[in-house]
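# Close look at the chain arrangement
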Amino acid sequence: MKRGDNRIINESLFHLACGPDSRVFRCTSYLINGWRFNVKDRDMYLKSQNSGVLVRGDENTGNLDYFGVLTYIIE
């Protein structure tokens, strides 16, 4: 935590508010561990679709499965 002007600012919140670093690399496709992922906009022009992502939840903790579509890939 930082103090300034009689306000307490959480560092994580401050970094989120600053936005992404301008030095990051954005790409429309990414190959990792033998799997290729594309962002949704790129998939529109391809016969095969590979922009969906599934994260399995843990039934013991009550977390549900999450399914989403990649809109950005930031490295």
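Just so we're clear, the structure is a prediction, and the values are computed from it rather than from any experiment.

A count of helices and strands for the chain gives two helices and eight strands. Counting helices and strands in the order they occur from the N terminus, the chain gives β-β-α-β-β-β-α-β-β-β. The buried share of the chain, taken over its 75 residues, is 12%. Residue pairs in contact within the chain that sit at least 24 positions apart in sequence constitute 33% of those at least 6 positions apart. For the chain, the computed accessible surface area is about 7,100 Å², with 54% contributed by carbon and sulfur atoms.

This part is about the pairing of strand β5 (residues 35–38). Sheet topology note: the strand β4 (residues 29–32)/β5 ladder contains four bridges and is antiparallel. Paired with I32 across the two strands is W35, which belongs to β5. Linking β4 to β5, which pair antiparallel, is a turn of two residues; within it N33 sits at a positive phi near 50°.

Another point: helix α1 (residues 11–18). Little of α1 sits out of view: just zero of its eight residues are buried. Following α1 by one or two positions, G19 has its phi on the positive side, about 85°.

Bringing unusual backbone geometry into the picture now. At N33, a position not held by glycine, the phi torsion is positive, near 50°. Secondary-structure assignment places N33 in the loop between β4 and β5.

What follows deals with a nonpolar patch on the surface. On the surface, V24, Y72 and I74 cluster together to form a nonpolar patch covering roughly 290 Å² of accessible area. Note on placement: Y72 falls in the loop between β7 (66–69) and β8 (73–74).

Looking now at the confidence of the model for the chain. The predicted coordinates of low-pLDDT regions are not to be read in fine detail. Here the chain averages 82 in pLDDT, and 88% of its residues register 70 or above. No element of the chain has a lower mean pLDDT than strand β1 (residues 2–4), which averages 52, and none a higher one than β7, which averages 90.

Along the polypeptide, N38 turns up in strand β5. Engagement of the side chain of N38 in a polar contact is seen with the side chain of D43, the distance being 3.2 Å. Apart from the residues within four sequence positions on either side, N38 is in contact with T28, S29, D43, L46, N50, S51, L70 and I73.

Overall, the coordinates contain one salt bridge when judged by the stated rule. Between D65 and R56 there is a salt bridge, with the nearest N and O atoms lying 3.4 Å from each other. Note on R56: relative accessible area 63%, which makes it exposed.

Below, the discussion takes up the side chain of D43. In this structure, D43 sits in helix α2 (residues 40–43). Comment: no salt bridge for buried D43; closest opposite-charge side chain is R42, at 6.2 Å. In contact with D43, other than residues within four places in its own chain, are N38, S48, Q49, N50 and S51.

Rules of the game
Residues numbered from 1 in each chain as written. Predicted model: local features only at pLDDT ≥ 70, side-chain atom pairs only at ≥ 80, totals over all residues. Heavy atoms only, no water. Helix = DSSP H or I, 4+ residues; strand = E, 2+ residues; numbered from the N terminus. Buried < 20%, exposed > 50% of the residue type's maximum accessible area, 1.4 Å probe, protein only. Contact = heavy atoms within 4.5 Å. Areas by Shrake-Rupley, 256 points an atom, 1.4 Å probe, with all protein chains shown as cover. Pairing = 2+ DSSP bridges. Patch = residues over 30% accessible without salt bridge, like charges linked within 9 Å, V, L, I, M, F, W, Y side chains within 5 Å. Salt bridge = Lys/Arg side-chain N within 4 Å of Asp/Glu carboxyl O. pLDDT = per-residue confidence, 0-100. Polar contact = N/O pair within 3.5 Å; in protein donor to acceptor, adjacent residues only side chain to side chain. Lys, Arg positive; Asp, Glu negative; His and termini not counted.

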